[in-house]
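The primary structure of each chain is shown beneath.
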Amino acid sequence: PGEFMEVVQIGAVKLDACTLAPLDELDLLVTPRFNPRLSPYFERLTGITGEMLAARGMDFAQAYDRFVAFAAAGTIAAFRRDDLVLLENMRLYGIRDTAALPPFLNLRDWFGTNGVDPRGMHSCDIGPSLGVPFEGQTHDALNDSRSIAAAMRVMATRGARIAA
C-alpha cells in the first residue's frame, strides 16, 4: 500500500528502420515523487542507487518529454506494455498537457509469432535466448533495450519482419 509503479529509468535505443543498426541511445534517470527512497531490493536488481538519482535524476514529466522527442514520432517498441506504464505515470502525476506517445509495438507478441517463446522472460533475457551475450547490469533500462535491439537483429537475419 502506498507504493506505485513509478518510472525510475527510461532507456531506449534508436534503430535504423531498414538495418536495425543502432543510431542513438537515451538513458534518463527519473526521481520518483511518491516513493523517492529506493529499496535495497530495487538497487540490487537495477544497479540504480539513491545517490545516482540525486546526481542525475529528473522529474518524470521532463524525462517523458525527452523520450517522446527522442522517438521523433517513430514507432516505439518494448518487450512488454511499457507504453501503459508511461501512461499510468502520467495519470498518477496528473500530467495532461504533454506530447502523445508515438505508435507502440509490443515485441513479446512479435517474438512469439516468430518462434521465440517469451513466457517467463524479461527484456534482459531475450538477447541471450538468441545467442547474444548480455552486457552490463540486467534490469537496467538502457542495457535491456540493447538486448532487445540485438535480438531483433538476430530475428531479422532469420527472416522475421516487423510491420509497424
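Please refer to the structure higher up on the page.
Residues numbered from 1 in each chain as written. Predicted model: local features only at pLDDT ≥ 70, side-chain atom pairs only at ≥ 80, totals over all residues. Heavy atoms only, no water.

**Details of the overall build of the protein**
So the rule is basically this: Helix and strand definitions follow DSSP, with helices as H or I runs of at least four residues and strands as E runs of at least two, each counted in order from the N terminus. Both definitions apply: the radius of gyration is a C-alpha atom measure, and the globule rule equals 2.2 Å times residues to the power 0.38. Exposure categories follow from relative accessible area, calculated using a 1.4 Å probe and restricted to protein chains: below 20% of the type maximum is buried, above 50% is exposed, and the middle band is partly exposed. Working rule for contacts: check all heavy atoms of both residues, and any pair within 4.5 Å makes them a contact. Positive charges come from Lys and Arg alone, negative charges from Asp and Glu alone, with His and the N- and C-terminal ends not counted. Charged side chains are reduced to one point each, which is NZ for Lys, CZ for Arg, CG for Asp and CD for Glu.
A count of helical and extended segments in the protein gives seven helices and four strands. Listed by position from the N terminus, the elements making up the protein come as β-β-α-α-α-β-α-β-α-α-α. The C-alpha radius of gyration of the protein comes to 16 Å, within 12% of the 15 Å expected for a compact globule of 164 residues. The dimensions of the protein, computed from C-alpha atoms along their principal axes, are 45 × 35 × 30 Å. In the protein, which comprises 164 residues, the proportion classed as buried is 40%. Within the protein, contacts between residues separated by at least 24 positions form 67% of all contacts whose residues are at least 6 apart in sequence. Counting 16 positive and 20 negative side-chain charges, the protein places the centres of these two groups 3 Å from one another.

**Here we look at unusual backbone geometry**
With phi around 65°, Leu-20 is a residue other than glycine that occupies positive phi space. Counting through the fold element by element, Leu-20 comes out in the loop between strand S1 (9-15) and strand S2 (22-29). Positive phi is not limited to glycine here, since Ala-73 has a value of about 70°. Along the chain, Ala-73 turns up in the loop between helix H3 (60-71) and strand S3 (76-78). The class for Ala-73 is exposed, based on a relative accessible area of 64%.

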